[in-house]
Amino acid sequence: MADVAILETRERVLAGILLTGAAYLLFSTQDASIKLLVTGMTVWQIMFFRSITILVACAAMGGRRLFADTVRSPIVRPMLVRSAFTLAAWLCYYNAARSLQLAELTTVYYAAPIIVTVFSVFLLGEKVPMLRWLAVLIGFAGVFVACDPTHLGLSVPVLLVLAAALLWAIAIVLLRKTALAERSMIQLLLNNFYFLLFSAVPALLWWHTPDLAQLLLLASVGALGGLAQYLLFEGMKRTPASILAPLEYSSLLWAFALGFAIWGDVPRREVFLGAALIITAGLLIVGGEHFRKRL
């Protein structure tokens, strides 16, 4: 029985890693779509459209019962706090997207996984082995080598991204607590309901009527964001935040690929060295967890 329990735990952790990795791929694609949109409309309006799209999808899948269960959920108030931190992080991040390349934006943002690992120790009481700390540091070194964020200076966009990293780290730690208390569809509905409330007035004040191309991008942002959130919630239910933190570095690889495909950004030689370090960090965290569970 003990061996079966160990096997089930290991499979649960690995499933959480895979779900979270897929979520970050979708988030990266969403980020590229939003970077295209912020040149013509406010982040408030993008979040407003995104929230409506996700809420409509929730209503179609869950119906009245989902909304009734959500009203009675014990995480209604905790999700309000977490959603406020998440929205604040995204507002900082996507406003910075007006001035920075996608790769630069993602690079500076990757102070977040280190902050998540630190917070997971002090706020969640998780035990973080030295191997995980090593993986986080290697991953951050890879990000630094790939883009060398020091050449960007402490401009307003860079400070906005650093603020986004701190706010997102807090939101991820809070997410770990709420993910264990409620099913993912309810979290998804609450999260985007609060986003809708927060963004409605500013979106209407600074309204820009979208054209057809922008409408299609807005719809894709909603679909990508909704699915990414759902996968992230499911991953967080299965795996400690400190294990998942280094996986966020995979978004950098997607950012470089999307930056090249959409804007023609050609990565420098340092990017490949940085990517190798990031992949090494990911393999360390996955392999270390697999080895630990076998002991």
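The name that an unreviewed UniProt entry assigns to the protein is DMT family transporter, with the source organism given as Mesorhizobium huakuii. On record in UniProt, under Subcellular location (unreviewed entry), the comment for the protein is "Membrane". The record held by UniProt for the protein lists under Sequence similarities (unreviewed entry) the comment "Belongs to the drug/metabolite transporter (DMT) superfamily. 10 TMS drug/metabolite exporter (DME) (TC 2.A.7.3) family."

What follows deals with the overall build of the protein. If you tally the helices and strands in the protein, you get twelve helices and zero strands. Counted from the first residue to the last, the protein has its helices and strands arranged as α-α-α-α-α-α-α-α-α-α-α-α. Across the 295 residues that make up the protein, the buried fraction comes to 52%. Long-range pairs, those at least 24 residues apart, make up 91% of the contacts in the protein between residues at least 6 apart in sequence. Accessible surface for the protein amounts to roughly 13,400 Å². Of this, 72% is attributable to carbon and sulfur atoms.

On to the side chain of threonine 20. Relative to the assigned elements, threonine 20 resides in helix H1 (residues 2–37). Using a relative accessible area of 0% as the deciding quantity, one classes threonine 20 as buried. Each residue touching threonine 20, except ones within four places of it in the same chain, is listed here: Leu231, Leu232, Gly235, Leu244 and Leu247.

This part takes up helix H8 (residues 184–205). With 22 residues, H8 extends 32 Å from end C-alpha to end C-alpha; this agrees with the ideal 32 Å at 1.5 Å per step. The largest bend along H8 measures about 45° and falls at serine 199, with the proline proline 202 one to four residues further on.

Attention now goes to the pattern of salt bridges. Two side chains bearing opposite charge may form a pair once their charged atoms approach each other closely. According to the stated counting rule, one finds four salt bridges in the structure shown. Here aspartate 69 makes a salt bridge to arginine 65, at a shortest N to O gap of 4.0 Å. Of this pair, aspartate 69 and arginine 65 both sit in helix H2 (residues 43–71), separated by four residues, roughly a single helical turn. Look at aspartate 69 and you get buried, because its relative accessible area is 16%. For arginine 65, a relative accessible area of 67% translates into the label exposed. Linking arginine 238 and glutamate 234 is a salt bridge whose minimum nitrogen-to-oxygen distance equals 2.8 Å. Of this pair, arginine 238 and glutamate 234 are both found in helix H9 (residues 212–238), four residues apart, which corresponds to roughly one turn of the helix. Salt bridges here are not isolated pairs; linked through shared partners, they connect Arg65, Asp69, Arg72 and Arg183.

Time to look at the environment of alanine 68. Assignment of secondary structure puts alanine 68 in helix H2. With 118 residues separating them in the primary sequence, alanine 68 and isoleucine 186 have C-alpha atoms 10.0 Å apart.

The relative placement of two packed helices is expressed as an angle between their axes plus a distance between the axes. The contact between H2 and H8 brings their axes to 8 Å, and the two run at 140°. One way to sum up the angle between H2 and H8 is to call them oblique. The way H2 lies across H8 gives a crossing that is left-handed.

Look at helix H3 (residues 76–96): 30 Å from first C-alpha to last across 21 residues, which is about the 30 Å you get at 1.5 Å a residue. For H3, the complete set of buried residues consists of Met79, Arg82, Ser83, Thr86, Leu87, Ala89, Trp90, Leu91, Cys92, Tyr93, Tyr94 and Ala96.

Our next topic: the nonpolar core. With 82 residues, the main nonpolar core has Ile46, Trp168 and Leu232 as its most contacted residues. Sequence-distant contacts of leucine 232, that is, excluding residues within four places in its chain, are made with Thr20, Ala23, Tyr24, Phe27, Trp168, Ile172 and Leu175.

Attention shifts here to the packing of aromatic side chains. Scanning the entire structure with this criterion turns up nine aromatic pairs. Taken together, a centroid distance of 5.2 Å and an interplanar angle of 80° make the contact between tyrosine 93 and tyrosine 94 edge-to-face. Classification of tyrosine 94 as buried rests on a relative accessible area of 1%. In this structure an aromatic cluster arises from ring pairing among Tyr24, Phe27, Trp90, Trp168 and Phe195. The cationic tip of lysine 35 hangs over the ring face of tryptophan 263; the distance from NZ or CZ to the ring centre is 5.6 Å.

Each value, and the rule that gives it
- Residues numbered from 1 in each chain as written.
- Predicted model: local features only at pLDDT ≥ 70, side-chain atom pairs only at ≥ 80, totals over all residues.
- Heavy atoms only, no water.
- UniProt positions renumbered as here; feature names shortened; annotations may be inferred.
- Helix = DSSP H or I, 4+ residues; strand = E, 2+ residues; numbered from the N terminus.
- Buried < 20%, exposed > 50% of the residue type's maximum accessible area, 1.4 Å probe, protein only.
- Contact = heavy atoms within 4.5 Å.
- Areas by Shrake-Rupley, 256 points an atom, 1.4 Å probe, with all protein chains shown as cover.
- Expected span 1.5 Å × (residues − 1).
- Bend = angle between axes of the 7 residues up to and from the residue.
- Salt bridge = Lys/Arg side-chain N within 4 Å of Asp/Glu carboxyl O.
- Axes fitted to C-alpha atoms, helices over the stretch in contact; angles between N-to-C directions.
- Parallel < 35°, antiparallel > 145°, perpendicular 65-115°, else oblique.
- Left-handed = near helix turned anticlockwise from the far one by under 90°.
- Core = buried A, V, L, I, M, F, W, Y, C linked by side-chain atoms within 4.5 Å.
- Phe/Tyr/Trp six-rings, centres within 6.5 Å; stacked < 30°, edge-to-face > 60°.
- Lys NZ or Arg CZ within 6 Å of the ring centre and 35° of its normal.

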